[in-house]
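# Results of the structural survey
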Amino acid sequence: LLIAESPNKARTIANFFGKPSIRRYGELKVYEISTGDLLLMITASGGHIYDLVTDIGYHGVLITNGGKLFLPVYTAIRRCPKCGHQFSDDLDKCPKCGNTEIRSTLKTIEFIRELCKEVDLVLIGTDPDTEGEKIGWDLAALLKPYANNVRRIEFHEVTKRAIMEAIRTHRDFNTNLIEAQIVRRIEDRWIGFELSRRLWDHFGLRWLSAGRVQTPVLGWIIEREREFNKNMKKVY
């Protein structure tokens, strides 16, 4: 079983090996093809499975042991099929458009777990970056009780040659990349959320945002400008 990140990528990979057979589970699909020496089932996770909660701790992070221990708290992501809004709050309707037909990522996990019972090896082929590594790690944690062997594959181009090479060279998960994504997401909440709210209060414009990268870079630019103006000499 090969799990890609996007449904389009799963379909593209399947078509490299001929016309696949397709099984459906609601809107979810799994493609079945033969590579010659493998019977390959291909499906997609649809992106992240988990996100930080909003109603526990400080923006989803419990701070304990006198401020020395930080515990991020995750929950399944919910998506609105009507407007596309994504949220982690435990709500019965979309907070953006009010639609009551909400889809949880746990439905995707239930589908993939059933597929795991049919195979000997699960290959997680999410994107080759920190986000993809975290998505893959979450998937692996949820699938291991149902799968005999879960491994990570990495490909930097969507070609038949790259896919076959990735399948032959599967690896363990990179914990450094996973931890980097966890810190990155917490920074999104702690820096981005807090400073964005201050912008809203100051300017009265709720479309303004302050990001975890742009904010410190802007601060650095302001500091350099002040240093320049302080040292600038005037000629009379």
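Everything that follows concerns the structure shown earlier in this document.
Residues numbered from 1 in each chain as written. Predicted model: local features only at pLDDT ≥ 70, side-chain atom pairs only at ≥ 80, totals over all residues. Heavy atoms only, no water.

### Here we look at the packing of helix 2 (residues 105-116) against helix 3 (residues 130-143)
Condition: Orientation is described by lines fitted to C-alpha atoms, with helices fitted over the stretch in contact, and by angles between N-to-C directions that extend from 0 to 180 degrees. In this description a helix means any DSSP run of H or I spanning at least four residues, a strand means any run of E spanning at least two, and both kinds are numbered starting from the N terminus. Put simply, angles under 35 degrees are roughly parallel, angles over 145 are roughly antiparallel, angles from 65 to 115 are roughly perpendicular, and the rest are oblique. Two helices crossing with the near one rotated counterclockwise from the far one by less than a right angle form a left-handed crossing, whereas a clockwise rotation gives a right-handed crossing. Any two residues whose heavy atoms approach within 4.5 Å at even a single point are treated as in contact. For this classification, Asp, Glu, Lys and Arg are treated as charged, while Ala, Val, Leu, Ile, Met, Phe, Trp, Tyr, Cys and Pro are nonpolar and the rest, including Gly, are polar.
Contact geometry of helix 2 with helix 3 gives a least axis separation of 10 Å together with a crossing angle of 60°. In this view, helix 2 runs oblique relative to helix 3, as classed from their interaxial angle. For the element pair helix 2 and helix 3, the recorded crossing hand is right-handed. Residue-level inspection shows Ile109, Ile112, Arg113 and Cys116 of helix 2 in contact with helix 3, the latter providing Leu139, Leu142 and Leu143. Per-class residue counts for the contact of helix 2 with helix 3 are six nonpolar, no polar and one charged.

### Observations concerning the packing of aromatic side chains
Put simply, the test is: Only centres within 6.5 Å qualify two rings of Phe, Tyr or Trp (six-membered ring in Trp) as a pair; their planes then separate them into stacked at under 30 degrees, edge-to-face at over 60, and tilted for everything else. Accessible area is worked out with a 1.4 Å probe on protein chains only. A residue is then buried under 20% of its type maximum, exposed over 50%, and partly exposed in between. Over a ring means this: the NZ of a Lys or the CZ of an Arg is within 6 Å of the ring centre and within 35 degrees of the ring normal.
As enumerated under the stated definition, the model contains three aromatic pairs in all. Relative to tryptophan 190, the ring of phenylalanine 70 lies with its centre 5.9 Å away and its plane at 65°, an arrangement referred to as edge-to-face. In this pair, phenylalanine 70 sits in strand 7 (residues 69-72) while tryptophan 190 sits in helix 5 (residues 175-203), placing the two residues 120 residues apart along the sequence. Under the relative-accessibility criterion, tryptophan 190 is labelled partly exposed at 25%. Grouped by ring-pair contacts, the aromatic residues Tyr58, Phe70 and Trp190 constitute a single cluster. Note that lysine 134 overlies the ring of tyrosine 74, its terminal NZ or CZ placed 4.2 Å from the centroid.

### Comments concerning the sheet that holds strand 12 (residues 122-125)
Filter applied, for reference: Two strands are said to pair when DSSP picks up at least two bridges between them.
In space, the six strands of this open sheet follow the order 2-3-4-1-12-13, with mixed pairing throughout. Taken across any chain shown, the strands that pair with only one partner, and hence form the sheet edges, are strand 2 (21-25) and strand 13 (150-152). Pairwise comparison of adjacent strand axes, ignoring direction, gives a mean angle of 25° for this sheet. One ladder, built from three bridges, connects strand 12 with strand 13; its direction is parallel. Counterpart to leucine 123 in the pairing with strand 13 is arginine 151. Contacting strand 1 (2-4), strand 3 (28-34) and strand 4 (39-44), helix 1 (residues 7-15) runs over the sheet at an angle of about 160° to strand 4.

### Regarding the pattern of salt bridges
Here is the rule: The term salt bridge refers to a side-chain nitrogen of Lys or Arg lying within 4 Å of a carboxyl oxygen of Asp or Glu.
Counting across every chain of the model gives 20 salt bridges. Between lysine 117 and glutamate 114 there is a salt bridge whose closest N-O contact spans 3.1 Å. The salt bridge partner of arginine 171 is glutamate 154, with a shortest N-O separation of 2.8 Å. Linking arginine 171 in the loop between helix 4 (160-168) and helix 5 with glutamate 154 in the loop between strand 13 and helix 4, this pair joins segments that are 17 residues apart in sequence. Here arginine 171 falls in the partly exposed class, since its relative accessible area comes to 23%. Since its relative accessible area comes to 33%, glutamate 154 is described here as partly exposed. Here the residues in one salt-bridge network are Asp51, Arg185, Asp188, Arg189 and Arg212, joined through shared partners.

### Focus on the side chain of serine 45
For clarity, the cut-off: Pairing of N or O atoms within 3.5 Å defines a polar contact, subject to two protein rules: one partner must be a possible hydrogen donor and the other a possible acceptor, and residues neighboring in sequence count only if both atoms are side-chain atoms.
Looking at the element boundaries, serine 45 is found in the loop between strand 4 and strand 5 (50-52). For serine 45, a relative accessible area of 4% translates into the label buried. A polar side-chain atom of serine 45 sits 3.2 Å from the main-chain carbonyl oxygen of glycine 47. If sequence neighbours within four positions are ignored, serine 45 has contacts with Ile3, Ala4, Glu5, Thr108, Thr126, Ile135 and Leu139.

### Quick look at the pairing of strand 4
Of all six residues in strand 4, five are buried; the element is thus mostly enclosed. As defined by bridge partners, strand 1 adjoins strand 4 across three bridges and the pair is classed as parallel. Across the sheet, the residue bridging to isoleucine 3 is threonine 43, located in strand 4. For strand 3 and strand 4, the ladder comprises four bridges, and the chain directions are antiparallel. Looking at strand 4, one finds that glutamate 32 is bridged to methionine 41.

### Re the nonpolar core
Which entries qualify depends on this criterion: In plain words, nonpolar cores are sets of buried Ala, Val, Leu, Ile, Met, Phe, Trp, Tyr and Cys residues tied together by side-chain atoms within 4.5 Å.
If you look at the biggest cluster of nonpolar residues, it comprises 26 residues, and the most contacted ones within it are Leu1, Ile3, Ile112, Val122, Ile124 and Leu139. Within the residue set of this core, elements represented by two or more residues are helix 2, strand 12, helix 3 and helix 5. Not counting residues within four places of it along the chain, the set of residues in contact with leucine 139 comprises Ile3, Ser45, Ile49, Ile109, Ile112, Ile124 and Thr126. Ranked by size, the runner-up nonpolar core spans 19 residues in total, among them Ile13, Tyr31, Ile33 and Leu123.

By themselves these figures say nothing about function.
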